[in-house]
Amino acid sequence: MASRCRYFCRRLLHMKRYYCPTIQLPKVPFGRTVVPCTLGFSLFTWLGFNKKLSAEDELIKTIKHCVLFSQRGEYEKAEQLLHVALRQAQQMRNELGITYIYDIMANLALEREQLDKAKQLFVAVTQRIMAEGAKEDDPRVIHISAKLARISHLKKEYSTAKLGYDWCLSKLKELPPKSLNEIEKLIALTEDWYGRLLVDYENSNKGLDLMISSLSRMEKLDVEKEHIVIQMNDIATVCDHLEKYDEGISYLLQAIEIGKQLPDMNELGAVYVNLGRLYMKKMLLEKARKSCGTGWKLGVTAKNDDIKHEAELCFKEIKKLS
């Protein structure tokens, strides 16, 4: 299935793009739906939350080192250093810093799929910011609520997740157009996660529609092109699942055109393999062979054995159909 190759593009961004605090991708089996990493941003960062800590240079330095360890996949070191940062903030009686560190800890736990721990920490962050006067329609509260819904999704608590996403979207659409760019990003994130939930549990066109709406919002915002490629690839995977092959092919062709312009997107070969698999569904075997061949060559160039293997499986499937 086309979903098998989706993992490669996501691993690219897992290795490449981080900032503080953020949710990145855990290592997962092929075909598993996980958090889109580039959109796993923290609303705290958007609203200048970290800038308010700039006077505490030592604390900021410690937090930045935590992020660097997370970038390298050294999660144990990142977590240990976060506890050091927490003690620093507590000794300074810096309540804002403590809340910020809890938020980073929660995101790290979600990244590592320590779901119960992440839930506890996100609840603690919500309680702290509401104790400071935030209301339930505060974008930070809605953002954390979306993450809690995501945790319910990953825990296979479908009804709870659905209620959470519905609540978040209703609150977001009631907000005035203040900080519109940030709100649009949060709507895009929530629509994407909600769409994936509906695809997982209802196999519905509504899920696909939400993912497409999310993509449309991302394309108008300052979202990295790498993530646009991944989102198009994932939408094509859903189109494949819903037997909308022409639509899926269209998204993959667009993803490839964007990906060609990105010098560091070595895993573009995975998108070509996905395209080859969709061409196979249409019995366009020559096009399928060409796409999988391009994917294989890019896998060789990138020294990515996984892409090479998937391309070789693609060739075997084409041979059976010939």
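Residues numbered from 1 in each chain as written. Predicted model: local features only at pLDDT ≥ 70, side-chain atom pairs only at ≥ 80, totals over all residues. Heavy atoms only, no water.

Novice: Looking at this structure, how should I read the environment of Arg150?
Specialist: Tracing the backbone shows Arg150 in helix 7 (residues 139-154). Counting along the chain gives 43 residues from Arg150 to Trp193, while the straight-line C-alpha distance between them is 6.8 Å. There is a polar contact of 3.1 Å between the side chain of Arg150 and the side chain of His153. (Helix = DSSP H or I, 4+ residues; strand = E, 2+ residues; numbered from the N terminus. Polar contact = N/O pair within 3.5 Å; in protein donor to acceptor, adjacent residues only side chain to side chain.)

Novice: Whenever I open this one, the state of the cysteines confuses me. Can you help?
Specialist: In protein structure, a disulfide is the covalent linkage between the sulfur atoms of two cysteines. Using the criterion set out here, one finds one disulfide in the structure. Covalently, Cys292 is tied to Cys314 through a disulfide, its sulfur atoms 1.8 Å apart. Its torsion about the S-S bond being 50 degrees, the disulfide of Cys292 and Cys314 is classed as right-handed. Here Cys292, found in helix 14 (residues 285-301), pairs with Cys314, found in helix 15 (residues 305-321); they are 22 residues apart in sequence, far enough to count as distant. Cys314 matches Cys292 in its accessibility class, with the two residues each being buried. (Disulfide = S-S within 2.5 Å. Buried < 20%, exposed > 50% of the residue type's maximum accessible area, 1.4 Å probe, protein only.)

Novice: Teacher, can you tell me more about helix 12 (residues 245-259) here?
Specialist: Since there are 3.6 residues in each turn of an α-helix, residues three or four apart along the chain are aligned in direction. Across its 15 residues, helix 12 extends 21 Å between first and last C-alpha, which sits within 8% of the 21 Å expected from 1.5 Å per residue. All buried positions along helix 12 are accounted for by Gly248, Ile249, Tyr251, Leu252, Ala255, Ile256, Ile258 and Gly259. Summarising the contacts, the buried residues of helix 12 are in contact with helix 10 (205-219), helix 11 (225-241) and helix 13 (268-281). (Expected span 1.5 Å × (residues − 1). Contact = heavy atoms within 4.5 Å.)

Novice: Explanation requested: the packing of helix 11 against helix 12 in the structure shown.
Specialist: Helix-helix packing: each pair is described by the crossing angle between the helix axes and the interaxial distance. Direction vectors running N to C along helix 11 and helix 12 enclose 165 degrees, while the axes themselves pass 8 Å from each other. If you check the angle between helix 11 and helix 12, you find them roughly antiparallel. Handedness of the crossing formed by helix 11 with helix 12: left-handed. Of helix 12, the residues touching helix 11 (which contributes Lys225, Ile228, Val229, Met232, Asn233, Ile235, Ala236, Cys239 and Asp240) are Tyr245, Glu247, Gly248, Tyr251, Leu252, Gln254, Ala255, Ile258 and Gly259. (Axes fitted to C-alpha atoms, helices over the stretch in contact; angles between N-to-C directions. Parallel < 35°, antiparallel > 145°, perpendicular 65-115°, else oblique. Left-handed = near helix turned anticlockwise from the far one by under 90°.)

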